[in-house]
Amino acid sequence: MSNKSSYLFILFAVLIAFVVFSSEKEYFSLLREPMKLSLPKGFPTPAYNFQKNKLNAKVFNLGRQLFYDPILSADGSISCGSCHQQIAAFAHIDHALSHGIYGKIGKRNVPALQNLIWNTSYMWDGGVNNLEVQPINPITNPIEMNESLAHVVQKLNASVKYKTLFFKAYNDSLINSERLLKALAQFTGLLISADAKYDRVMAKADTFTTQEQQGFQLYKVKCANCHPAPLFTDNSMRNNGLPIDTALHDDGRATITHQSGDKNKFRVPSLRNCEMTYPYMHDGRFRKLKEVIAHYNNQSKMERNYDRSINKIGTLTAEEQQALVLFLKTLTDKTFLYDRRFADPNNQ
Amino acid sequence: MHRFLKLSAFTGAIGLLVVFYSFYLIKRPIRSNLRINIIHLVGNRELKLDSVTYHNGLNQAYTVSKFKYYLSNFELINSNHQAIPLGEYFLIDEEDPASKKIAIKNLPSGVYTGISFLIGVDSLHNCSGAQSGALDPINGMFWAWHTGYIFFKLEGKSTASKQAGGNFEWHIGGYQEPVNCIRKVNLNFKQKKSSSLDIDLDLVADINNLFTNPKVIDLANFSSVTGVEKATTIADQYSQLFYLR
């Protein structure tokens, strides 16, 4: 082989490697038409598929604009992105209870938005059954965005910017709530996190430290029952023993079902990116992962109807608790937290 | 001779056309429509919002300010007792007279003995995400925090109500057991109806039935039904709401 052709060969090989490598981590590409979603390896079939909401880069882009636009709130002060921040895996960093319009404080902690298409229900109480209709909650909640859906549609129809964006996305000038909600669902539905150190270790592209490995073993025995990989949630409603907050009086699942057996059950959250989603639990009562582990470690202080699978946790030594925290930190996915496609388009 | 040939060819052609056209007319399936005129009554009087005071089975005085509900999944029952699905979702609103005249086009041909429909929205369409038309959440018949359509709204005032301002309100929905408020209504035609003609129906909703059939409803106990509790009781009442006139 001549020098020149071997250079070409290497260049070619690098290019191929780049394509293969990048397509492994990018579950979708905004540059490829038609847009296609390739699921992360080992992930189950999603509950929400895009069959009736055809993936399209222009619709995704519209959804992204809407997500970061306070036009969805009554006084133009709050966007989805105000409460859901990318650096916190779209939870609200450092806020125990959500902060909405006119500085009003909500009743619950802002959850992370990640891998939402695998959710079988949404919200801490599982009251919402489809990703597309979830945003009606914050938009119309008087202490969140305090708008009416009808008025949002009116405002979008009056906006030159959105007239153009909707036209680009749907090839006609109709702006209605269905299109608004479906565009938001394309954006939130593609917030996929599956490239943490944990995933690379599972793919044999990286290795755990000894402590992380110890934490992983502990997790498998003590936490995986409710927080199973790869989603780190089984989507069920459970009581994990948190003593009842007498100020908030949040009955959890029972607010939906009115069944006394559902009192204090909440949707099991994913542990992915939990290093970044503090504070923790539906009411943000714990600020540190250490405190979360301490809670699980002290079953005698738990609300008495706690899920009995927690008994498996037993007592953890200080060293084991430390190892668990270190393992949880391997679930932080920087690719996701810094993916420019999910960032506020107004800051680019 | 030449001229005669030309003329007969011409009339022949016209004749053929006429024959083909009449074949076409015979063969062409006749597509008729179902038109339903919905009539809201209280007893034998037409419902008037706000301005007229009515009395229920317990002689409790009340007025009505809102009467709004979904009808869906229409079916015609043919003479072989088969249900022929027509689908469709309609939101009926006393405040919007146009919504009380509904039509389903292009009926499948047949001879029909009755009609059935759901009051409410089937479970699939309670879980289908964002929708438009009658099912657009903008219509104010949608619960966001506990996803699902509000199938039925009756609001008004009553001296018997225990609520502030004497208001009463029924917002009924729920597509899952144990709170399933979807009700199927089956109504027989007095005479068989053929789809060779448009089918016109007068469908009457008598609000009196809501308070008396199958149970007698006390507005003091039912001044606010907006969630899970007591919802199925009201659903049983509205299952008896309609008749054909």
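Procedures and definitions
Residues numbered from 1 in each chain as written. Chains lettered and ligands numbered in written order. Predicted model: local features only at pLDDT ≥ 70, side-chain atom pairs only at ≥ 80, totals over all residues. Heavy atoms only, no water. Helix = DSSP H or I, 4+ residues; strand = E, 2+ residues; numbered from the N terminus. Contact = heavy atoms within 4.5 Å. Areas by Shrake-Rupley, 256 points an atom, 1.4 Å probe, with all protein chains shown as cover. Salt bridge = Lys/Arg side-chain N within 4 Å of Asp/Glu carboxyl O. Buried < 20%, exposed > 50% of the residue type's maximum accessible area, 1.4 Å probe, protein only. Phe/Tyr/Trp six-rings, centres within 6.5 Å; stacked < 30°, edge-to-face > 60°. Core = buried A, V, L, I, M, F, W, Y, C linked by side-chain atoms within 4.5 Å. Polar contact = N/O pair within 3.5 Å; in protein donor to acceptor, adjacent residues only side chain to side chain. Pairing = 2+ DSSP bridges. Buried area = accessible area lost by both parts, 1.4 Å probe. pLDDT = per-residue confidence, 0-100. Arc of directions from axis to C-beta. Axes fitted to C-alpha atoms, helices over the stretch in contact; angles between N-to-C directions. Parallel < 35°, antiparallel > 145°, perpendicular 65-115°, else oblique. Nonpolar A, V, L, I, M, F, W, Y, C, P; charged D, E, K, R; others polar.

*Asks:* Is there a simple way to explain the overall build of chain B in this structure?
*Replies:* What chain B contains, in helices and strands, is four helices and 16 strands. Long-range contacts, defined here as pairs at least 24 residues apart, represent 70% of the contacts in chain B between residues at least 6 apart. Within the structure as shown, chain B displays about 12500 Å² of accessible surface, and the carbon and sulfur contribution to it stands at 55%.

*Asks:* Honestly, the pattern of salt bridges in this entry has me stumped. Any pointers?
*Replies:* When charged atoms on two side chains of opposite charge get close, those side chains can pair. Residue and element names in this part refer to chain A. Tallied over the full model, the rule gives 23 salt bridges over all chains. Taking the shortest distance from any N to any O, the salt bridge between arginine 108 and aspartate 250 comes out at 2.7 Å. Of the two residues, arginine 108 is situated in the loop between α3 (80-83) and α4 (136-140) and aspartate 250 in the loop between β1 (237-238) and α10 (254-257); the sequence distance between them amounts to 142 residues. One exposure class covers both arginine 108 and aspartate 250, and it is buried. Several salt bridges converge on common partners, so that one network encompasses Glu26, Asp339 and Arg341.

*Asks:* I keep staring at the packing of aromatic side chains and nothing clicks. Help me out?
*Replies:* Residues and elements named next belong to chain A. Counting across every chain of the model gives 39 aromatic pairs over all chains. Their ring planes at 50° and their centres at 5.5 Å tell us that phenylalanine 208 and phenylalanine 216 sit as a pair that is tilted. Under the relative-accessibility criterion, phenylalanine 208 is labelled buried at 11%. Taking the relative accessible area as the measure of exposure, phenylalanine 216 reaches 8% and is therefore buried.

*Asks:* Whenever I open this one, the nonpolar core confuses me. Can you help?
*Replies:* In globular proteins that are soluble, nonpolar side chains generally tend to be buried together. If you look at the biggest cluster of nonpolar residues, it comprises 123 residues, and the most contacted ones within it are Phe152, Trp170, Tyr238 and Phe242 of chain B. Ranked by the residues each element gives to this core, the list is headed by strand β4 (residues 61-78) of chain B, at eight residues. Other than its neighbours up to four places away in sequence, tyrosine 238 of chain B contacts Ile119, Phe151, Phe152, Ile172, Cys181, Arg183 and Leu210 of chain B. Counting residues in each nonpolar core, the second largest holds 30 residues, with Cys223, Phe232, Phe286 and Leu324 of chain A among its members.

*Asks:* Any chance you could explain the environment of methionine 302 of chain A here in plain terms?
*Replies:* Residue and element names in this part refer to chain A. One can find methionine 302 in the loop between α11 (289-297) and α12 (318-329). The exposure class assigned to methionine 302 is buried, which follows from its relative accessible area of 9%. Note: C-alpha distance between methionine 302 and glycine 241 (61 residues apart in sequence) is 4.5 Å. Contact partners of methionine 302, with chain neighbours within four places excluded, come to Asn240, Gly241, His295, Tyr296 and Ile310.

*Asks:* Would you explain the side chain of glutamine 131 of chain B in this entry?
*Replies:* Residue position: glutamine 131 of chain B is located in the loop between α2 (123-126) and β8 (142-143). Residue glutamine 131 of chain B is classed as buried on the basis of its relative accessible area, which comes to 10%. A polar atom in the side chain of glutamine 131 of chain B sits 3.0 Å from the backbone oxygen of histidine 125 of chain B. Engagement of the side chain of glutamine 131 of chain B in a polar contact is seen with the side chain of tyrosine 149 of chain B, the distance being 3.3 Å. Setting aside chain neighbours within four positions, we find glutamine 131 of chain B in contact with Ser177 and Glu178 of chain A together with His125, Asp136, Pro137 and Tyr149 of chain B.

*Asks:* What exactly am I supposed to notice about the side chain of asparagine 126 of chain B here?
*Replies:* Within the element layout of this structure, asparagine 126 of chain B appears in helix α2. Among the polar contacts listed, one links the side chain of asparagine 126 of chain B to the backbone oxygen of aspartate 122 of chain B, at a separation of 3.0 Å. A distance of 2.8 Å separates a polar atom in the side chain of asparagine 126 of chain B from the backbone nitrogen of tyrosine 149 of chain B. Setting aside its immediate chain neighbours within four residues, asparagine 126 of chain B contacts Asn129 of chain A together with Val121, Thr147, Gly148, Tyr149, Phe151 and Tyr175 of chain B.

*Asks:* How do you make sense of the pairing of strand β5 (residues 83-93) of chain B when you look at a structure like this?
*Replies:* Successive residues of a regular strand alternate their side chains across the two faces of the sheet. Residues and elements named next belong to chain B. Sheet topology note: the β4/β5 ladder contains nine bridges and is antiparallel. Each residue of the ladder has a partner; that of leucine 76, found in β5, is isoleucine 84. Adjacent in sequence and paired antiparallel, β4 and β5 are bridged by four residues, among which histidine 81 carries a positive phi angle near 65°.

*Asks:* What's the story with the interface of chain B and chain A in this structure? I'm lost.
*Replies:* One frequently used descriptor of interface size is the decrease in accessible area upon assembly of the parts. Contacts between chain B and chain A engage 19 residues on the former and 21 residues on the latter. Buried area between chain B and chain A, summed over both chains or domains, comes out near 1500 Å², and the portion from carbon and sulfur atoms is 57%. It is Ala130, Ile138 and Trp145 of chain B in chain B that bury the most area against chain A; as a group they hold 33% of the surface buried on that side. Applying the counting rule to chain B against chain A returns ten residue pairs in polar contact (both at pLDDT 80 or more).

*Asks:* Help me understand the confidence of the model for chain A in this model?
*Replies:* Reading fine detail from the predicted coordinates is not recommended where pLDDT is low. Looking at chain A as a whole, its pLDDT mean stands at 92, while 93% of the residues score no less than 70. Ignoring residues within four places in sequence, the model shows residues 17-24 of chain A, a span with pLDDT below 50, making one contact including any to other chains.

*Asks:* Help me understand helix α4 (residues 231-238) of chain B, please; the structure alone is not making it clear to me.
*Replies:* In an α-helix there are 3.6 residues to a turn, and that puts residues three or four apart on one side. Most of α4 of chain B is tucked away, with six of its eight residues classed as buried. If you check which residues of α4 of chain B are buried, you get Ala231, Thr233, Ile234, Ala235, Gln237 and Tyr238 of chain B.

*Asks:* Would you explain helix α6 (residues 160-170) of chain A in this entry?
*Replies:* Residues and elements named next belong to chain A. Listed as buried for α6 are Tyr162, Leu165, Phe166 and Ala169. Each buried residue of α6 lies within a common arc of 95° when the element is viewed along its axis, so the set occupies one face. Set apart from the buried face of α6 by more than 90 degrees, the exposed residues are Val160 and Lys168. Its buried side turned inward, α6 meets α2 (57-67), α5 (149-157) and α7 (177-189). Where α6 begins, the capping side chain belongs to serine 159, and its oxygen is found 3.3 Å from the backbone nitrogen of lysine 161. Phi for asparagine 171, located one or two positions after α6, is positive at around 60°.

*Asks:* Please clarify how the packing of α2 of chain A against α7 of chain A should be interpreted in this entry.
*Replies:* In a packed pair of helices, the relevant descriptors are the angle between the two axes and the axis-to-axis distance. All names here are of chain A. Where α2 meets α7, the axes come as close as 7 Å, and the angle between the chain directions of the two elements is 95°. With respect to α7, the axis of α2 lies roughly perpendicular. When α2 is examined against α7, the residues Val59, Phe60, Leu62, Gly63, Arg64, Leu66 and Phe67 are found in contact with a partner set consisting of Leu180, Ala183, Leu184, Gln186, Phe187 and Thr188. When the residues that make up the contact of α2 with α7 are grouped by side-chain class, the tally is nine nonpolar, three polar and one charged.

*Asks:* Got a minute to help me understand unusual backbone geometry in this structure?
*Replies:* Leaving glycine out, the prevailing phi sign among residues is negative, and the prevailing peptide bond configuration is trans. With omega at -5°, the peptide bond leading from glutamate 33 of chain A into proline 34 of chain A counts as cis. Relative to the elements of secondary structure, proline 34 of chain A occurs in the loop between α1 (3-25) and α2. The omega angle of the peptide bond from glutamate 177 of chain B to proline 178 of chain B is 0°, so this bond is cis rather than trans. Relative to the helices and strands, proline 178 of chain B resides in the loop between β11 (175-176) and β12 (179-180).

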